[in-house]
Structures are given as structure tokens and as C-alpha cells.
Amino acid sequence: MSKNVSVCLSFDFDAISVWVGPRGTRSPPLIARGEFGEVGAHRILTLLEEHQIPGTWFIPGHTIDTYPEVCKRIAAAGHEIGYHGYCHEAPSSKRDEYDERDILERSIACIERISGKSPVGHRLPGGNPGTRWVNMLLEHGFSYDSSMAPHDFEPTYMRLGDVVHTDGPHEFGREVDLVILPFDWILDDWPYFNYEPAGGRQRLRSPNDVYDIWAAEFDYLYQKLGSGVFVLTMHPQCIGKGSRMLMLERLIAHMKRHDGVRFQAMADVADAFRARQS
Ligand SMILES: [Zn+2]
């Protein structure tokens, strides 16, 4: 059976926003971690250029406004740029609709300014995609979301109106025209590589451990399923360190050795899925 695997390398370029927004910190060492994101982003861009790979970058408006030069380099290289909040805000039913719309539209405007295009991809910077939020995404022409994974290697459609029962089966709502491309922590660099001193329990993982997990996930998809989409989620401030960049390059080389594997922007994978359904 011929193989058909799409690989999407996605980068959540949170930079400083993730520290000063949801975490509310003003700590210079933590802000400096975010600053390192700019260094990492340049390294990633060079790697993608060397391997001729299209990437998908989810960039908060705050990062675009703080680091316009590297964001211009991302856009100029032809990479897709998707929505990731202004200052990494999670949609919240506690906020009023006017504020939520303001965050969404302000962030879209940042992406339009840097790339000349409206984003079609969306990744939540935390929180839950409620009905109001999903309807706003549809209204603004989004094609896909990548914040959850009902299937690890297949796109699905977003649902609205699920009814939760605890004394009977789950009642599934109706599908809406927003494709879900898998996002799962197992294929995300943050839990392996982000050290939280205050947490105490966590230790940094060796890039070799992470290579073993990610390569085995890919191998299972390739060998056992034969077709599907493999979405990696990385953060320039995590993956941008030397040992991890070398691991990523090794993984790219591993995947490239397989016939029927294509590196694609996520928007293209969503379009292809939609075309197959109609
Ligand atoms: Zn993020």
C-alpha cells in the first residue's frame, strides 16, 4: 500500500507574551526566557530554509508588535501565520463579547499587517473553545483549529452543542465547518523542555528521550496506519536550544527518508481534508 503522510511543523511563537500575559509575571529572568524566543525563531527559520520545509507559525499580536523584524522574516519566507491571541489570552466566558471580539480582531490585524493575509489557522493559547468563540472564528473566515485531538493522526470537524450526561451516553452535537488538526501534548515540546523552578517535581528531558517518543509516534503512523497527518508543536524558546535543534534536525532527516511523506503548511492539510469530504 502506498503511503501518504503529511508532516506539519508548527511553532507557537509566544516569546514574552506567555510570561507577562497569562502568568502575569514581571520577572526579568522569565521575560528573558521569552526574549530567547526571538533567537530560537531565527535558528528555526534557518533550519527550515536549509531543508526547504514550509512551517506554520502561531504568533500572538504581542510578539508581532515586539519583534516585527523576525516576524517579517517568517512571512517573507512564505510560512503560514496563524492566530494565537494578542497577549496569549484564553477565550473566556467571563470576558464580555466586546472584549473577546476586540482581542480577536486586533490580533488578526497584526497578522495582516505583517503578512498581507488574514489568518485561516487558529490555536488556542489556553482555555476552551466555547460556542461564542467558535462562531466568531467562523464569522472571521477561519478554516481550522489546532487545539485538541479527538484523533491523533486524522483531521476531524469541530462540534457545537454537545450535551453532557453522566447517567447515560454522551450526546454529540452538530459538526461545523471548522476543521480540527490534531494538537496533543505528546507531540509538543513544552512539557519536556520547559523548566518551572517553582514546580519542583519536573525535570528537563533529554532531547534523545523526546526523539524516541516523537520518532516512534511517526513510525506508528507511517508503518501501521500508512496515511494521516503528523503535527508537531514547538516553541522557539524551548526547541531553539542547540541540543534540541540538533534533535529536530535528526527527526526531519528520519522522516525525509520515508517515501510518501510530505512536509506541508497546516492550511493546506485542512483544505485537502475538506476537499476529500465534499
Ligand atoms: Zn502559546
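To be clear, the structure that these remarks concern was listed above.
To start, this report covers the structure provided alongside it. Everything quoted here is computed from the prediction, not taken from an experiment.

Considerations on the overall build of the chain
When you go through the chain residue by residue, the secondary structure sums to eleven helices and nine strands. Overall, the chain is about 55 × 45 × 45 Å in size when its C-alpha atoms are taken along their principal axes. Counting the 278 residues in the chain, one finds 51% classified as buried. Of note, the chain has its 29 positive side-chain charges centred 5 Å away from the centre of its 38 negative side-chain charges.

Comments concerning the coordination of the zinc ion
Taken together, the protein donors to the zinc ion comprise Asp-14 (OD), Asp-14 (OD), His-84 (NE2) and His-88 (NE2), at separations of 2.1 to 2.5 Å. The sequence pattern formed by the donor residues of the zinc ion is D-x69-H-x3-H. You can see Asp-14 sitting in the loop between strand S1 (4–12) and helix H1 (17–20) and its partner His-88 sitting in the loop between strand S3 (80–83) and helix H5 (97–115), a full 74 residues away along the chain. Take Asp-14 and His-88: they sit in the same class, and that class is buried.

Some details on empty space enclosed by the protein
By the definition in use, this model includes one cavity of 30 Å³ or more. Empty space within the largest cavity amounts to approximately 30 Å³. Lining the largest cavity are Tyr-83, Glu-89, Ala-90, Pro-91, Arg-95, Glu-100, Ile-103 and Trp-133. Residue classes in the lining of the largest cavity are distributed as five nonpolar, no polar and three charged.

Quick look at the packing of aromatic side chains
Inspection of the entire model under this criterion finds twelve aromatic pairs. Ring plane angle 20 degrees and centroid distance 6.4 Å describe the contact between Phe-153 and Phe-230, whose orientation is recorded as stacked. Separated by 77 residues along the polypeptide, Phe-153 in the loop between strand S5 (144–145) and strand S6 (156–160) and Phe-230 in strand S8 (residues 227–234) bring together distant segments of the chain. Where Phe-218 meets Tyr-222, the ring centres are 5.9 Å apart and the plane angle is 25 degrees; that geometry is what we call stacked. Taken as a pair, Phe-218 and Tyr-222 lie in helix H8 (residues 207–225) at a separation of four residues, close to a single helical turn. Of the two residues, Phe-218 and Tyr-222, neither departs from the other in class, the shared state being buried. One residue, Arg-106, lies across the ring of Tyr-86, its end atom 3.9 Å from the ring centre.

What about the layout of surface pockets?
In this structure, the largest pocket occupies an estimated 360 Å³ of space. In terms of lining, the largest pocket is formed by 19 residues, of which the most central are His-88, Leu-124, Pro-125, Gly-126 and Trp-185. The residue makeup of the lining of the largest pocket, split by class, is eight nonpolar, six polar and five charged. Every element with two or more residues in the lining of the second largest pocket is listed here: S3, H5 and helix H11 (266–277). When the residues that make up the lining of the second largest pocket are grouped by side-chain class, the tally is eight nonpolar, four polar and three charged.

Focus on the side chain of Asp-145
Of note, Asp-145 is situated in strand S5. It turns out Asp-145 is buried and unbridged, and the closest side chain with the opposite charge, Arg-123, is 7.1 Å from it. A polar contact of 2.7 Å, which involves the side chain of Asp-145, links it to the side chain of Ser-147. Setting aside residues up to four positions removed in sequence, Asp-145 forms contacts with His-122, Arg-123, Leu-124, Met-158, Leu-178, Val-179, Ile-180 and Leu-181.

Concerning the packing of H5 against helix H6 (residues 131–139)
At a minimum axis distance of 11 Å, the contact between H5 and H6 shows a crossing angle of 40 degrees. Between H5 and H6, the interaxial angle falls into the category oblique. When the axes of H5 and H6 are compared, the crossing they make is right-handed. Residues Glu-97, Glu-100, Arg-101 and Leu-104 of H5 pack against Arg-132, Trp-133, Met-136, Leu-137 and Glu-139 of H6. Tallied by class, residues from the contact of H5 with H6 come to four nonpolar, no polar and five charged.

Rules used in this analysis
- Residues numbered from 1 in each chain as written.
- Predicted model: local features only at pLDDT ≥ 70, side-chain atom pairs only at ≥ 80, totals over all residues.
- Heavy atoms only, no water.
- Helix = DSSP H or I, 4+ residues; strand = E, 2+ residues; numbered from the N terminus.
- Buried < 20%, exposed > 50% of the residue type's maximum accessible area, 1.4 Å probe, protein only.
- Lys, Arg positive; Asp, Glu negative; His and termini not counted.
- Charge placed at Lys NZ, Arg CZ, Asp CG, Glu CD.
- Donors = N, O, S within 2.8 Å, 3.2 Å for Na, K, Ca; no water.
- 1 Å grid on protein atoms, 1.4 Å probe; cavity = no way out; pocket = protein on both sides within 12 Å on 5 of 7 lines; lining within 4 Å.
- Points joined across faces, edges and corners; volume = space filled by probe spheres on them.
- Nonpolar A, V, L, I, M, F, W, Y, C, P; charged D, E, K, R; others polar.
- Phe/Tyr/Trp six-rings, centres within 6.5 Å; stacked < 30°, edge-to-face > 60°.
- Lys NZ or Arg CZ within 6 Å of the ring centre and 35° of its normal.
- Salt bridge = Lys/Arg side-chain N within 4 Å of Asp/Glu carboxyl O.
- Polar contact = N/O pair within 3.5 Å; in protein donor to acceptor, adjacent residues only side chain to side chain.
- Contact = heavy atoms within 4.5 Å.
- Axes fitted to C-alpha atoms, helices over the stretch in contact; angles between N-to-C directions.
- Parallel < 35°, antiparallel > 145°, perpendicular 65-115°, else oblique.
- Left-handed = near helix turned anticlockwise from the far one by under 90°.

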